[in-house]
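Structural overview
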Amino acid sequence: LHDLWMKALVLEDNEGRRAVLVTSDFQGVPKGMSDQVFEKLRSEFGLERHQVMITFSHNHCGPRLGDDLVDYYPIEPEQTALVNEYTASMVSRMVATVGEAIGRLAPAGLKMGEGTATFAVNRRNNKEKDVPRLLAEGTPLKGPVDHSVPVLSVRRSDGRLEAILFGYACHPTTLNFKMWCGDYPGFAQLELENSHPGATAMFVNTCGGDQNPLPRRTVELCERYGHMLAVGVEEALREALQPISSGLQTAFEYADLPYLQVITRDELLAARQDRNVVHARWATRMLGKLDAGEKFPPSYPYPVHVWRLGREMLIIGMGAETVVDYALRFKKEFGRGTWVCGYADDMIAYIPSRRVWEEGGYEGGSSLYEYGRPALRWAGDVEDRVAAMVDKLVTQVRG
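Anyway, here's the lowdown on the structure attached to this text. (Residues numbered from 1 in each chain as written. Predicted model: local features only at pLDDT ≥ 70, side-chain atom pairs only at ≥ 80, totals over all residues. Heavy atoms only, no water.)

It is worth spelling out the sheet that holds strand E7 (residues 161–168) at this point. In a beta sheet, neighbouring strands pair by backbone hydrogen bonds and run either parallel or antiparallel. Taken together, five strands build an open sheet; the order of strands is E8-E7-E6-E4-E10 and the sheet is mixed. On the outer flanks of this sheet lie strand E8 (200–205) and strand E10 (242–244), each paired with one strand and no other. Across this sheet, the average inter-strand angle for adjacent strands is 25 degrees, counted without regard to direction. Packed on one face of the sheet, helix H5 (residues 219–238) meets strand E4 (108–116), strand E6 (148–156), E7 and E8 and runs near 125 degrees to E4. (Pairing = 2+ DSSP bridges. Helix = DSSP H or I, 4+ residues; strand = E, 2+ residues; numbered from the N terminus. Axes fitted to C-alpha atoms, helices over the stretch in contact; angles between N-to-C directions. Contact = heavy atoms within 4.5 Å.)

On to the side chain of Gln 27. Locating Gln 27 in the fold gives a position in the loop between strand E2 (18–24) and helix H1 (31–45). Taking the relative accessible area as the measure of exposure, Gln 27 reaches 10% and is therefore buried. Beyond its immediate chain neighbours, meaning those up to four positions away, Gln 27 contacts Phe 56, His 58, Asn 59, His 60, Asp 68, Leu 69 and Met 347. (Buried < 20%, exposed > 50% of the residue type's maximum accessible area, 1.4 Å probe, protein only.)

Per the counting criterion, the structure on display carries 16 aromatic pairs. Seen from their ring centres, Phe 252 and Tyr 254 are 5.0 Å apart, and the 80 degrees between their planes marks the pair as edge-to-face. A relative accessible area of 16% places Phe 252 in the buried class. Tyr 254 gets classed as partly exposed once you look at its relative accessible area, which sits at 32%. An angle of 15 degrees between the planes, with centres 5.3 Å apart, marks the rings of Tyr 259 and Trp 378 as stacked. With Tyr 259 in the loop between strand E11 (248–258) and helix H6 (265–271) and Trp 378 in the loop between helix H10 (361–364) and helix H11 (382–398), this pair connects stretches of sequence that are 119 residues apart. A network of ring pairs unites the aromatic residues Phe 119, Phe 166, Tyr 168, Tyr 184, Phe 203 and Tyr 225 as a single cluster. Here the guanidinium or amino end of Arg 49 rests over the ring plane of Phe 38, the centre of that ring lying 3.8 Å away. Looking at Arg 377, its charged tip hangs above the ring of Trp 357, at a distance of 4.2 Å from the centre. (Phe/Tyr/Trp six-rings, centres within 6.5 Å; stacked < 30°, edge-to-face > 60°. Lys NZ or Arg CZ within 6 Å of the ring centre and 35° of its normal.)

Enumeration according to the criterion identifies 28 salt bridges in this entry. With its nearest N and O atoms 2.9 Å apart, the salt bridge here joins Arg 385 to Asp 381. For Arg 385, a relative accessible area of 33% gives the class partly exposed. Classification of Asp 381 by relative accessible area gives partly exposed; the value is 24%. Look at the salt bridges and you will find they share partners, linking Arg 123, Arg 124, Asp 325, Arg 355, Glu 359 and Glu 363 into a network. (Salt bridge = Lys/Arg side-chain N within 4 Å of Asp/Glu carboxyl O.)

Compared with an ideal rise of 1.5 Å per residue, which puts 27 residues at 39 Å, helix H2 (residues 77–103) spans 39 Å between its outermost C-alpha atoms and is within 8% of the ideal. Inspection of H2 places Val 83, Thr 87, Met 90, Val 91, Met 94, Val 95, Val 98, Gly 99, Ala 101 and Ile 102 among the buried residues, and these make up the whole buried set. (Expected span 1.5 Å × (residues − 1).)

With that settled, the discussion passes to the environment of Thr 173. With respect to the secondary-structure elements, Thr 173 resides in the loop between E7 and helix H4 (183–195). Looking at Thr 173, the relative accessible area reads 6%, which means it is buried. Put simply, Thr 173 and Asn 212 are 39 residues apart on the chain and 6.9 Å apart in space, counted from C-alpha to C-alpha. Not counting the four nearest positions on each side in its chain, Thr 173 is found in contact with His 60, Asp 183, Asn 212, Pro 213, Arg 216 and Arg 217.

A few words on the packing of helix H8 (residues 324–334) against H11. Running from N to C, H8 and H11 point in directions that differ by 35 degrees, and their axes come no closer than 12 Å. H11 is crossed by H8, and the crossing has right-handed handedness. Judged by residue contacts, Tyr 326, Arg 329, Phe 330, Glu 333 and Phe 334 of H8 engage Val 382, Glu 383, Val 386, Ala 387, Val 390, Asp 391, Val 394 and Arg 398 from H11. Looking at the contact of H8 with H11 residue by residue, the classes come out as eight nonpolar, no polar and five charged. (Left-handed = near helix turned anticlockwise from the far one by under 90°. Nonpolar A, V, L, I, M, F, W, Y, C, P; charged D, E, K, R; others polar.)

Moving on, we come to the nonpolar core. In terms of nonpolar packing, the biggest core is built from 62 residues, with Phe 26, Tyr 302, Met 318, Tyr 326, Phe 330, Trp 378 and Val 390 touching the most fellow members. Sorting elements by how many residues they give to this core places H11 first, with eight residues. Non-local contacts of Trp 378, meaning those with residues more than four positions away in its chain, are made with Leu 257, Pro 258, Tyr 259, Leu 260, Tyr 300, Ile 348, Ala 349, Tyr 350, Ile 351, Pro 352, Trp 357 and Leu 368. Within the second largest apolar cluster, 24 residues are counted, among which are Val 149, Ile 164, Ala 201 and Leu 241. (Core = buried A, V, L, I, M, F, W, Y, C linked by side-chain atoms within 4.5 Å.)

Turning to empty space enclosed by the protein, a few remarks are in order. Enumeration over the complete set of coordinates arrives at three cavities of 30 Å³ or more. Counted as a void, the largest cavity has a volume near 70 Å³. Elements supplying a minimum of two residues to the lining of the largest cavity: E6, H8 and strand E15 (338–341). In terms of residue count, E15 provides more of the lining of the largest cavity than any other element does, three residues in total. Each residue belonging to the lining of the largest cavity can be placed in one class, and the counts come to four nonpolar, three polar and three charged. The volume enclosed by the second largest cavity comes to roughly 60 Å³. Considering the residues around the second largest cavity, the lining is formed by His 2, Asp 3, Trp 5, Lys 7, Asp 25, Gly 186, Gln 189, Leu 190 and Glu 193. With four residues, H4 is the single largest residue contributor to the lining of the second largest cavity. (1 Å grid on protein atoms, 1.4 Å probe; cavity = no way out; pocket = protein on both sides within 12 Å on 5 of 7 lines; lining within 4 Å. Points joined across faces, edges and corners; volume = space filled by probe spheres on them.)

Next up, the structure:
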């Protein structure tokens, strides 16, 4: 339907400190891919890990990368070779894109604001088949949502709008066919770039792990949601945006997220016979690892970024599929000007809050096998560990 994009925004303050944000229409960037990009950016441009955040919209109408979702599909040598070839190409092109953006550095001013879009629905608390009727009746939907549309404008010194960075908390799952399309974020970016010739529109998925665009499954709905999001961005741009002062501080660290229980050989042998083909493929692959002498780690390194832009803006970036509770919590704790982004650096699995973990279900229950992890569930203190790391890094950048 339309092209998929990766885009890079390079920021540099008056002291020469830099930060690089990559946005993309990928479903997920796995650690094996992003680590290559981080290393190449360090060697070629002197950029350290804390200076670079790679985000992905979680678009479902695009190619697989690296070992992301490796057990979802039959492992055919021809397809594996194509995935590896495409992934290697994207590593090179991402590094080149960042290099191009560095080469175009020029004086600019940043301003921030916020609009609204209301199509995201908490999918845990509302049955998809009931949503059209509930909306028609005017019945309030259930569950936490984040309908804010944070916006950052970048204008050159001559007043020209160079870039529009915006976010929203919702799965890009309006469509589910095998045709390239950026889903609603893709349509929103296209509309904004058509309305602002010469500007680059960039989308980040904030914390939409448990949010869906509902109703869905038609191109018309996808275009409508993209338009609604673009209208939310335009709403913010029309208001008196708050200027962001010079100054840039960046921090990064891994939080150690333990599994509730590492999978055993006996459990894998049983799972290999499962009628769920993804579960069975996962079990077979994991048994191969054990047979090769590999030992499964008890935890996973979870990437956490905190950037401070001027005195006004705080960007929190977290890996994988964070549920909406994280955005609502951190925006309340750290105040106005706080952006909370999931889907950064590594497509690990769902990252439940304590509430979601205790409720269970798809986002909080035994679904880690779908992402190739050597366990079924996280330990129950995941939110506490993520929050402790965010607190540490916010303190660090605020000095």
